[in-house]
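Take a look at the letters that make up each chain.
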Amino acid sequence: MATTLDKADSPGWPSAASAWYAAIILMLANTLAFVDRQALALLVQPIKNDLQVSDTAMSLLYGLSFTIFYVAVGIPVARLADRSNRRNIVAFSVFLWSGMTALCGLARSFPLLFAARVGVGAGEGGLSPSAYSLLADYFPKNKLPAAMGVYQMGIYLGGACALLIGGLISTVVPPGEEVVLPALGALKGWHIVFLALGVPGLLLSLLLLTVREPARQGAASEAPKVPISHFLTHLSARKRAYLGIALGFALMIFVGNGTGAWIPAFLERKYGWSTAEIGASYGLIVFFCGTSGALAGGFFASWLRGRGYERANLQTALIGFSVLIPVTIAFPLMPAAGLALVLIGIMNFFAGFNFGGGLAALQELTPNRMRALLSALYMLTINLIGAAFGPTAVALITDFWFGDPQRLPEALAITCAIASPLAVIALLIGMRGYSDIQTAQEPQ
């Protein structure tokens, strides 16, 4: 498949050492982004009890609050990233959301916590579109899925760190217990978790300045600023591929966020686990299974691509999507916590397995000066469908269908039984569109 990466006017690729250094530093930024998200999931029950709110309100805090400004800033920042220094955008984004995470640790009411979470989303809106574009200029297409897999490890490293650190802090200061700190006054244990998790990002924003902005591959013949009309024409000509891939991943993330937001509460309500127990056990599962899945999927897609399989990126994702159907439906219904955790581990592995190839496919389809904007639209889709509605769908079933928070396991199973098969269908549509483009496109 001919892409902008194939053009003869492309500059030389950066050295392998500088490319992998950039991938690892960007992965650390992604790790911190997901530390902030998963910390809230771990603390759902104590925050809910302290602020006296419903499951639905907590789901809005987890999803909608984050999505509001993520959506608002994502596209303008992506337009800026397509024509300016992407490294600086990432560094500022990390600084901003880390400060807002620390502010979550000072919120004494639901509206204030919601507002701080909106700020976290505003900061994170600048990360992934810029990071995807950077990686596509650091790695040639046969290595890009592996690099994307390394970047997406951050999802699981961040989730695991939030669970493990949050669980560790909870053994010292229980989330619902009040302590008095100098200058800050009386705080609950869950406040301290947010304060502790906000500090590392302020340091990482400085480390990001050591990453070099790479030359834009294949962009010598492109205008520095691509008109929106050209971008829309490009999308329209490939709409089946773009829509299928984006909707497929959005529905997969709908399942991932819907389950991830509620698994700690599920383990507490169904099996009677404490916050510390959940953080230790679930955190280790996310760490080992999620990160190994992201690595395995990215390198597997690169291996297939290197052997001439043009659809390797999406074929790899299809494997993961298909395995997730039975696993996501079954884990909430397990009679014992051990069995549920085994399936949760499998779910994390195959959720991570999908990302590297899927993200690489989107970058390959898109000219250089459109990549950040395309990535922003992709992130907009997955955040509106996945981040905003996944957790809320589960909560609405518990609050308004069953009317009983203890029916959370059934709510999780119902949500997954609907969304997981639809994700596979959407991805198959995207693969068909991707194949049509390969067949029709002439070498450039």
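Residues numbered from 1 in each chain as written. Predicted model: local features only at pLDDT ≥ 70, side-chain atom pairs only at ≥ 80, totals over all residues. Heavy atoms only, no water.

1. What to know about the packing of helix H11 (residues 239-260) against helix H16 (residues 355-365)
Where we set the bar: For every element, the axis is a line fit to its C-alpha atoms; helices are fit only across the contacting stretch, and the angle between N-to-C directions ranges from 0 to 180 degrees. Runs of H or I in DSSP of at least four residues are treated as helices and runs of E of at least two as strands, each being numbered from the N terminus. Any angle that is under 35 degrees is reported as roughly parallel, and any over 145 degrees as roughly antiparallel; angles of 65 to 115 degrees are reported as roughly perpendicular and all others as oblique. Helix crossings fall into two classes, left-handed where the near helix is turned counterclockwise from the far one by less than a right angle and right-handed where it is turned clockwise. Residue contacts are counted whenever heavy atoms from the two residues lie within 4.5 Å of one another. Polar here means any residue other than Ala, Val, Leu, Ile, Met, Phe, Trp, Tyr, Cys and Pro, which are nonpolar, and Asp, Glu, Lys and Arg, which are charged; Gly is therefore polar.
Taken N-terminus to C-terminus, the directions of H11 and H16 make an angle of 155°; their axes are 11 Å apart at the nearest point. Compared by their axis directions, H11 and H16 come out roughly antiparallel. H16 is crossed by H11, and the crossing has left-handed handedness. Contact residues: H11 offers Ala241, Tyr242, Ile245, Phe249, Met252 and Ile253, while H16 offers Phe355, Gly358, Leu362 and Leu365. Partitioning the contact of H11 with H16 into residue classes produces nine nonpolar, one polar and no charged.

2. Quick look at empty space enclosed by the protein
Vacant regions in the atomic arrangement are exposed by a probe of water-molecule size rolled over the atoms. The line we're drawing: Points on a 1 Å grid over protein atoms alone make up a cavity when a 1.4 Å probe fits among them but cannot get out, and a pocket when they form an open set with protein on both sides within 12 Å along at least five of seven lines; lining residues each have an atom within 4 Å of a point. Grid points are joined across faces, edges and corners, and a volume is the space filled by probe spheres set on the points.
Enumeration according to the criterion identifies four cavities of 30 Å³ or more in this entry. Estimates place the volume of the largest cavity at around 600 Å³. Lining the largest cavity are 35 residues, with Phe34, Ile155, Tyr156, Gly256 and Asn257 sitting closest to its centre. Top element by residues in the lining of the largest cavity is H11. It accounts for seven residues.

3. A word on unusual backbone geometry
The phi torsion at Gln52 lies on the positive side, around 55°, for a residue other than glycine. By secondary structure assignment, the location of Gln52 is in the loop between helix H2 (44-51) and helix H3 (55-62).

4. Examining the pattern of salt bridges
To keep it simple, the criterion reads: Salt bridge, as used here: a side-chain nitrogen of Lys or Arg that lies within 4 Å of a carboxyl oxygen of Asp or Glu. Partly exposed describes any residue whose relative accessible area lies between the buried limit of under 20% and the exposed limit of over 50%, with all areas from a 1.4 Å probe on protein chains only and scaled to the type maximum.
In total, this model carries eight salt bridges according to the counting rule given. Asp55 is the salt-bridge partner of Arg269, the closest N and O atoms lying 2.8 Å from each other. With a gap of 214 residues between them, Arg269 in helix H12 (residues 263-271) and Asp55 in helix H3 connect regions that are remote in the sequence. Taking the relative accessible area as the measure of exposure, Arg269 reaches 13% and is therefore buried. Across the pair Glu364 and Arg305 runs a salt bridge whose closest N-O atoms are separated by 2.6 Å. With Glu364 in helix H16 and Arg305 in helix H13 (residues 275-306), this pair connects stretches of sequence that are 59 residues apart. In this pair, the class of Glu364 matches that of Arg305, namely buried. Linked by salt bridges that have partners in common, Arg86, Asp137, Glu213 and Arg371 make up one network.

5. Let's talk about the nonpolar core
Using the following cut-off: Nonpolar cores were defined as sets of buried Ala, Val, Leu, Ile, Met, Phe, Trp, Tyr and Cys residues, with membership established by side-chain atoms within 4.5 Å.
Ranked by internal contacts, the top residues of the largest apolar core, which has 136 residues, are Ile47, Phe249, Trp262, Leu267 and Tyr378. For this core, the leading source of residues is helix H1 (residues 16-42), giving 15 residues. One finds Phe254, Val255, Cys416 and Ala419 within the second-largest nonpolar core, a separate group that totals five residues.

6. Concerning the layout of surface pockets
Reported here for the largest pocket is a volume of approximately 200 Å³. Together, Leu235, Lys239, Tyr242, Leu243, Ala246, Leu247, Leu362, Leu374, Leu377, Tyr378, Leu380 and Thr381 line the largest pocket. Secondary-structure elements contributing two or more residues to the lining of the largest pocket are H11 and helix H17 (371-402). Class assignment of the residues belonging to the lining of the largest pocket gives a composition of ten nonpolar, one polar and one charged.

7. Looking at the pairing of strand S1 (residues 178-181)
Selection criterion: DSSP-based pairing: two strands are paired if at least 2 bridges between them are found.
Sheet analysis places S1 next to strand S2 (residues 185-188), joined by four bridges and oriented antiparallel. By the bridge assignment for S2, Glu178 is matched with Lys188. Following S1, the chain reverses through three residues before pairing antiparallel with S2; Ala183 in that reversal takes a positive phi of roughly 75°.

8. Looking at the confidence of the model for the protein
What counts is decided by this rule: Every residue is assigned a pLDDT by the predictor, reflecting its confidence on a scale from 0 to 100.
On average, residues of the protein score 84 in pLDDT, and 93% of them are at 70 or above. Taking the mean pLDDT of every element in the protein, the minimum, 76, falls on helix H4 (residues 64-81) and the maximum, 93, on helix H15 (residues 337-353). Here residues 1-9 scores under 50 on pLDDT; set against residues more than four positions off or in separate chains, the count is 37 contacts.

9. Focus: the environment of Leu60
On the secondary structure map, Leu60 appears in helix H3. Taking the C-alpha atoms as reference points, Leu60 and Ala426, separated by 366 residues in sequence, lie 26 Å from one another. The contact partners of Leu60, leaving out residues within four places of it in the chain, are Ser65, Phe114 and Thr392.

10. Some points on H17
Formally: To estimate the expected span of a helix, subtract one from its residue number and multiply by 1.5 Å. Given a residue, its bend is the angle between the two axes fitted to the seven residues that end at it and to the seven that start from it.
Between its first and last C-alpha atoms H17 spans 44 Å; for 32 residues at 1.5 Å apiece the expected length is 46 Å, and the two agree. Of all the bends in H17, the greatest, near 45°, is centred on Phe389, and the proline Pro391 appears no more than four residues after it. Phi for Gly403, located one or two positions after H17, is positive at around 65°.

11. Some points on the packing of H13 against H15
Viewed as axis vectors pointing N to C, H13 and H15 meet at an angle of 30°, and their least axial separation amounts to 6 Å. The hand of the H13/H15 crossing is right-handed. Residues Ser281, Tyr282, Ile285, Val286, Cys289, Gly290, Ser292, Gly293, Ala294, Ala296, Gly297 and Phe300 of H13 pack against Leu341, Ile344, Gly345, Asn348, Phe349, Gly352 and Phe353 of H15. In terms of residue class, the contact of H13 with H15 is made up of eleven nonpolar, eight polar and no charged.

12. Remarks on the side chain of Arg86
Locating Arg86 in the fold gives a position in helix H5 (residues 86-104). Of the residues examined, Arg86 reaches a relative accessible area of 0% and is grouped as buried.

13. Topic: a nonpolar patch on the surface
Condition: What goes into a patch is any residue over 30% in relative accessible area without a salt bridge, connected to like charges within 9 Å or, for nonpolar side chains (Val, Leu, Ile, Met, Phe, Trp, Tyr), within 5 Å. Under the convention used here, a 1.4 Å probe and the Shrake-Rupley method define accessible areas, while residue burial counts only the protein chains that appear.
Residues Tyr21, Ile24, Leu28 and Leu207 make up a contiguous nonpolar surface patch of roughly 310 Å² in combined accessible area. Ranked by residue count, the leading element in the nonpolar patch is H1, at three residues. Residue placement: Ile24 occurs in helix H1.

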